[in-house]
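# Architecture at a glance
Read off the chains here:
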Amino acid sequence: MKKRILLAAIVLGIFSLLVCSGTAQAPQKPKTALVVWGGWEGHEPKQCADIFAPWLESQGFKVEISHSLDAYLDLDKLKTLDLIVHIFTMSDIKPEQEQNLEEAVKSGVGLAGWHGGLGDAHRSAVEYQFMVGGQWVAHPGGVIDYDVDITNPNDPITKGLKTRFHMKSEQYYMHVDPAVDVLATTTFSGQPAPWIDGVVMPAVWKKLYGKGRVFYTTLGHVAADFDVPEARKIVQRGLLWAARVMGDDPPKMNIYAPLLKSR
């Protein structure tokens, strides 16, 4: 009996020591993500949400899914999130919805997405485009065969992937913020627009907007594009990066710097 009491006292003492020293910690709060989908059905926003929302849950995220931009009306709630996945293709966004989304990201909430919902969305909302880091302007030739080249194979979003992989989809010509950190590019053949023959265009990038991490890829015209393993993996890792699960903030960039002559 005395041995049992002594053993219990020892166990209690060790537990108390761990608590006081900070070694024993409460379970970490799960990461939270808001997935907002809608807009033009040709980009298959729901089908894309159905790919990545369950995957986020499998990574331990608590995921809320909304089919309305009114999900952005509660700014206080937005600021508690770790990640927003915006899949609201084309369409218009109301001023309060847009401003709350931007303020949430500025405060430190991550933002992530792909062509069909983030880079081809809200075409008259210029501050939104400033936040994303670019805007779609053309897809010469429609659905074509093209390649994507990884330009930073050491980044956690692209590490271990093929340095060149193939897509059969729309190839997107973008207007791009020179401050983005480019991870992959695609090169245009000039068909059917010969004046852009050889143009190298960013296809995957990351950046900051205020304190928030922003991840974007031009891949993702429709859900089937993510059947390409590299395309799916890039988005999955981009989601984790934007939510601050992995990697560091991007360095300050100016992708036009090599073209600028010193005075």
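The preceding data block contains the structure.
Read on for a plain summary of the structure. (Residues numbered from 1 in each chain as written. Predicted model: local features only at pLDDT ≥ 70, side-chain atom pairs only at ≥ 80, totals over all residues. Heavy atoms only, no water.)

## Remarks on helix α4 (residues 95–107)
Note the following rule: Helix numbers and strand numbers start at the N terminus; a helix is a DSSP run of H or I with at least 4 residues, a strand a run of E with at least 2. Helix span is expected to be 1.5 Å times the residue number reduced by one. Buried residues are those whose accessible area, probed at 1.4 Å on protein chains only, stays under 20% of the maximum for their type, while exposed residues exceed 50% and partly exposed ones sit between those limits. What makes two residues a contact is simply this: any of their non-hydrogen atoms within 4.5 Å.
Taking 1.5 Å of rise per residue, the 13 residues of α4 would be expected to cover 18 Å, and the 18 Å separating its terminal C-alpha atoms lies within 8% of that figure. Of the residues making up α4, those classed as buried are Gln97, Glu98, Asn100, Leu101, Glu102, Ala104 and Val105. Those residues of α4 hidden inside the fold are in contact with α3 (75–78), β3 (83–89), β4 (110–114), α6 (126–132), β10 (200–209) and β11 (212–217). Remark: Gly108 follows α4 within two positions and exhibits a positive phi of approximately 130 degrees.

## Some points on the sheet that holds strand β6 (residues 143–150)
Applicable threshold: For two strands to be treated as a pair, DSSP must find no fewer than two bridges joining them. Angles here are taken between N-to-C directions and fall from 0 to 180 degrees, while the axes themselves are lines fitted to C-alpha atoms, restricted in helices to the stretch in contact.
Within the open sheet, the nine strands sit side by side as β2-β1-β3-β4-β11-β10-β9-β6-β7. Their pairing is mixed. Pairing within the sheet leaves two strands with one partner each, and these edge strands are β2 (62–66) and β7 (164–170). Taken over all neighbouring pairs, the strand axes of this sheet differ in orientation by 20 degrees on average, direction set aside. Helix α2 (residues 45–58) rests against β1 (32–39), β2, β3 and β4 of the sheet, and its axis sits at about 170 degrees to β1.

## Thoughts on helix α7 (residues 229–242)
Here α7 spans 20 Å end to end across 14 residues, near enough to the 20 Å set by a 1.5 Å rise per residue. Within the sequence span of α7, burial applies to Glu230, Ala231, Ile234, Val235, Gln236, Gly238, Leu239, Leu240, Trp241 and Ala242. Phi turns positive, to about 65 degrees, at Arg244, one or two residues after α7.

## Overview of a nonpolar patch on the surface
Applied cut-off: Every patch collects residues that have over 30% relative accessible area and no salt bridge, joining them within 9 Å if they carry like charges and within 5 Å if they are nonpolar side chains (Val, Leu, Ile, Met, Phe, Trp, Tyr). Here, Shrake-Rupley sampling with a 1.4 Å probe gives the accessible areas, and only protein chains in the shown set may cover a residue. Within this document, salt bridges are pairs made up of a side-chain nitrogen of Lys or Arg and a carboxyl oxygen of Asp or Glu, the two lying within 4 Å of each other.
On the surface, Tyr256, Leu259 and Leu260 cluster together into a nonpolar patch covering about 350 Å² of accessible area. Tracing the chain through its elements places Tyr256 in the segment after α7.

## Digging into the nonpolar core
A general feature of soluble globular proteins is that nonpolar side chains tend to end up buried together. Stated precisely, the cut-off is as follows: Nonpolar cores are built from buried Ala, Val, Leu, Ile, Met, Phe, Trp, Tyr and Cys residues. Side-chain atoms within 4.5 Å join them into one set.
Ranked by size, the top nonpolar core spans 43 residues in total, and within it Leu56, Leu83 and Leu239 carry the most contacts. When near neighbours in sequence (up to four residues on either side) are disregarded, Leu56 contacts Ala33, Phe61, Val63, Leu83, Val85 and Leu239. Counting residues in each nonpolar core, the second largest holds 34 residues, with Leu69, Ala104, Val105 and Ala125 among its members.

## Some points on the pattern of salt bridges
Summed over all chains, the structure comprises 13 salt bridges. Each member of the salt-bridge network shares a partner with another, and the members are Arg213, Arg244 and Asp249.

## Re unusual backbone geometry
Across the junction of Gln191 and Pro192, the peptide omega takes the value 0 degrees, indicating a cis bond. If you trace the backbone, Pro192 turns up in the loop between β9 (181–187) and β10. In this model, Glu44 sits at a positive phi of 55 degrees, which is unusual for a non-glycine residue. Following the sequence through the fold, Glu44 ends up in the loop between β1 and α2. For Glu44, a relative accessible area of 25% translates into the label partly exposed.

## What about the pairing of β1?
In plain terms, the rule: By definition, the crossover connecting two strands over a helix is right-handed if that path, from the first strand to the second, turns clockwise as seen with the strands pointing away from the viewer.
Among the eight residues of β1, seven are classified as buried, and the element is accordingly described as predominantly covered. As judged from the five bridges shared by β1 and β2, these two strands associate in the parallel manner. The residue of β2 that forms the bridge with Val36 is Ser66. The parallel pair β1 and β2, bridged by α2, forms a crossover whose chirality is right-handed. Note that β1 and β3 share seven bridges and pair parallel. Bridging across to β3, Gly39 finds its partner in Thr89.

## Points about the pairing of β3
For β3, the buried fraction is high: seven of the seven residues fall into the buried class. The alternating pattern of β3 places Leu83, Val85, Ile87 and Thr89 and Ile84, His86 and Phe88 on opposite faces, both of which are buried. Sheet topology note: the β3/β4 ladder contains three bridges and is parallel. Counterpart to Ile84 in the pairing with β4 is Leu111. The handedness of the β3 to β4 crossover, carried by α4, is right-handed.

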